[in-house]
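# Secondary and tertiary structure notes
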Amino acid sequence: MTLTETLLVALLAVLIVFGVFGAFLVSERQLNKVPVVEEPAVPEKVTAVLSVLRSSAVIVDEVDTVLKASAPAYALGLVRGTEILVDELQETIRQVRRDGQIREIEFVLGPPTAPPRHVQARVAPLGSRLILALVEDRTRERRVEAIRRDFVANVSHELKTPVGAIRLLAEAVGDARDDPEAVKRFAGRMVTESDRLTDLVQQIIELSRLQSDDPWAEPEQLELDEIIETAIDTVAIDAAARNTEVLATGDKGIVIPGGREQVTVAISNLVANAVNYSRDSTAVLIDVRRVDDRVEIAVTDQGIGIPQTELDRIFERFYRVDPARHRSTGGTGLGLSIVKHVAATHGGDIRVWSVEGHGSTFTLSLPTSPAPGGWPAGDELVQPDKEERP
């Protein structure tokens, strides 16, 4: 073997040795290398805590992309896919991201055709790059506050008349103590005013109670025939005194969802008004018709009617078309406002047709299927999907 061949063999042996040694080093590095575990976008402990909260929870990243959102957040209309739909909430999140300060805001949700929902949001940083928003529905609290304010204002105004009348009559009785006939007459007037005062207080309390009650909290299946029969029985004595016949016609066997007390009070008020404002020896008609997915209860009387200029205001609390007429019938001006409230809380409406001197027809429209909405079955956090919509 020549010297050249010997050198080539030696060089090849060295290369093989270095190659084997290099492969060994690479293998060792691979075996000792610590695997890189990608950190989850939202820590699991945070997800577990938020899943048990009743608040609507939304977590967004540094570019306002929704990473996690609870089912109530979708139900309220705060989130769609991976986007926040409420401008006020989105702007507050950006402010918190800029300065890291916790903020609270209140805003109103809901389309123009639906009752507004008053919500309160608390927005805070979650770690170094995430933002958490907790949103509470405060609609019920706002409603109760409004009821309390209205109650005080209405009572202070409306109770002045009967209370003042009773005081004047009491003074008149004292002045006429030597006149038995006058005392008897004034005492009768005092009883009448006391009855009016009692009815007024009862209806104010009833309206406040109904307004604080949610018929969809525990909805019932209501048999409309039974409720109408109850309304007719309620006015039976007054109708007999006026020789007024109350007739029920139309579709039978209709069942509607909602609150039994609220629907019964609403229909009873419409029937009672029809009897009280009808002429003697006439008839009141209660006609029930199913129209698509709704039922319409029309109550028609042959009474004094309502002027066209007053139709827009008759559903206001304590509004009286003819105060003198209300005094003679014992009206409080609250019956129709109660009907309007019940219609609104059940997803329905109330309409009126009237010709002065010829009578009126009040039509209460209610849905025959449960109203959509309310909280979903669970409060668990869900992963938003860009393709699907909740």
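For the structure, check the block above.
Presented here is an overview of the structure given in this document. Computed from a predicted model, the values in this text were never measured in an experiment.

### Here's the deal with the pattern of salt bridges
By the definition in use, this model includes 17 salt bridges. A salt bridge links Glu220 to Arg260; the shortest N-O distance between them is 3.3 Å. With Glu220 in strand 8 (residues 220-223) and Arg260 in helix 10 (residues 260-276), the pair connects residues that are 40 residues apart, well separated along the chain. The partly exposed category is assigned to Arg260, whose relative accessible area is 29%. Between Glu226 and Arg260 there is a salt bridge, and its shortest N-O distance comes to 3.7 Å. Linking Glu226 in helix 8 (residues 224-234) with Arg260 in helix 10, this pair joins segments that are 34 residues apart in sequence.

### Quick look at the packing of helix 10 against helix 12 (residues 335-345)
The interhelical angle for the contact between helix 10 and helix 12, taken along N-to-C directions, is 145 degrees, at an axis separation of 9 Å. The way helix 10 lies across helix 12 gives a crossing that is left-handed. Where helix 10 abuts helix 12, its residues Gln262, Val263, Val265, Ala266, Asn269, Leu270 and Asn273 lie against Gly335, Leu336, Ile338, Val339, His341, Val342 and Thr345. Across the contact of helix 10 with helix 12, the residue classes tally to eight nonpolar, six polar and no charged.

### A few points about the nonpolar core
With 37 residues, the main nonpolar core has Leu224, Ile267 and Leu364 as its most contacted residues. Of all the elements in the fold, those that place two or more residues in this core are helix 8, helix 10, strand 11 (283-291), strand 12 (294-300), helix 12 and strand 14 (359-367). Sequence-distant contacts of Ile267, that is, excluding residues within four places in its chain, are made with Leu224, Ile227, Ile228, Ala231 and Leu364. Listed in part, the 23 residues of the second largest apolar core include Val66, Ala73, Leu76 and Ala121.

### Here we look at the packing of helix 8 against helix 10
Direction vectors running N to C along helix 8 and helix 10 enclose 50 degrees, while the axes themselves pass 9 Å from each other. The angle between the axes of helix 8 and helix 10 places the two elements in the oblique class. Between helix 8 and helix 10 lies a crossing whose hand is right-handed. Residue-level inspection shows Leu224, Glu226, Ile227, Ile228, Thr230, Ala231 and Thr234 of helix 8 in contact with helix 10, the latter providing Arg260, Val263, Thr264, Ile267, Ser268 and Val271.

### Digging into the environment of Gly357
Structurally, Gly357 can be placed in the loop between strand 13 (349-355) and strand 14. With 52 residues separating them in the primary sequence, Gly357 and Gly305 have C-alpha atoms 5.1 Å apart. Non-local contacts of Gly357, meaning those with residues more than four positions away in its chain, are made with Arg279, Gly303, Ile304 and Gly305.

### Focus: the packing of aromatic side chains
Taken as a whole, this structure holds zero aromatic pairs when the rule is applied. When the ring centre of Phe186 is taken as origin, the NZ or CZ atom of Arg185, which lies over that ring, is 5.2 Å away.

### Regarding a negative patch on the surface
Residues Glu223, Asp225, Glu229 and Asp233 make up a contiguous surface patch of negative charge. The element that contributes the greatest number of residues to the negative patch is helix 8, accounting for three residues. Tracing the backbone through its elements, the reader meets Glu229 in helix 8. For Glu229, a relative accessible area of 52% puts it in the exposed group.

### Quick notes on the sheet that holds strand 12
One open sheet holds the five strands; their spatial order is 9-11-12-14-13, and the pairing between them is mixed. A strand with exactly one partner marks an edge of an open sheet, and here the two such strands are strand 9 (245-250) and strand 13. The average angle at which neighbouring strand axes cross in this sheet is 15 degrees, direction not considered. In the packing of helix 10 onto the sheet, the strands contacted are strand 9, strand 11, strand 12, strand 13 and strand 14, and the crossing angle to strand 14 comes to about 170 degrees.

### A look at the side chain of His346
Structurally, His346 is set in the loop between helix 12 and strand 13. Within the local environment of His346, its side chain forms a polar contact with the backbone nitrogen of Gly259, the two atoms lying 3.0 Å apart. Reaching out from His346, the side chain makes a polar contact with the backbone oxygen of Val342 at a distance of 3.0 Å.

### Here's the deal with unusual backbone geometry
Across the chain, the bulk of peptide bonds are trans and the bulk of non-glycine residues have phi less than zero. One non-glycine residue with positive phi stands out, namely Asn243, at about 55 degrees. By the secondary structure assignment, Asn243 is in the loop between helix 9 (236-241) and strand 9. Look at Asn243 and you get exposed, because its relative accessible area is 53%. If you check the backbone angles, Asp292 has positive phi at about 55 degrees while not being a glycine. Looking at where Asp292 falls in the secondary structure, it is placed in the loop between strand 11 and strand 12.

About the thresholds
- Residues numbered from 1 in each chain as written.
- Predicted model: local features only at pLDDT ≥ 70, side-chain atom pairs only at ≥ 80, totals over all residues.
- Heavy atoms only, no water.
- Salt bridge = Lys/Arg side-chain N within 4 Å of Asp/Glu carboxyl O.
- Helix = DSSP H or I, 4+ residues; strand = E, 2+ residues; numbered from the N terminus.
- Buried < 20%, exposed > 50% of the residue type's maximum accessible area, 1.4 Å probe, protein only.
- Axes fitted to C-alpha atoms, helices over the stretch in contact; angles between N-to-C directions.
- Left-handed = near helix turned anticlockwise from the far one by under 90°.
- Contact = heavy atoms within 4.5 Å.
- Nonpolar A, V, L, I, M, F, W, Y, C, P; charged D, E, K, R; others polar.
- Core = buried A, V, L, I, M, F, W, Y, C linked by side-chain atoms within 4.5 Å.
- Parallel < 35°, antiparallel > 145°, perpendicular 65-115°, else oblique.
- Phe/Tyr/Trp six-rings, centres within 6.5 Å; stacked < 30°, edge-to-face > 60°.
- Lys NZ or Arg CZ within 6 Å of the ring centre and 35° of its normal.
- Patch = residues over 30% accessible without salt bridge, like charges linked within 9 Å, V, L, I, M, F, W, Y side chains within 5 Å.
- Areas by Shrake-Rupley, 256 points an atom, 1.4 Å probe, with all protein chains shown as cover.
- Lys, Arg positive; Asp, Glu negative; His and termini not counted.
- Charge placed at Lys NZ, Arg CZ, Asp CG, Glu CD.
- Pairing = 2+ DSSP bridges.
- Polar contact = N/O pair within 3.5 Å; in protein donor to acceptor, adjacent residues only side chain to side chain.

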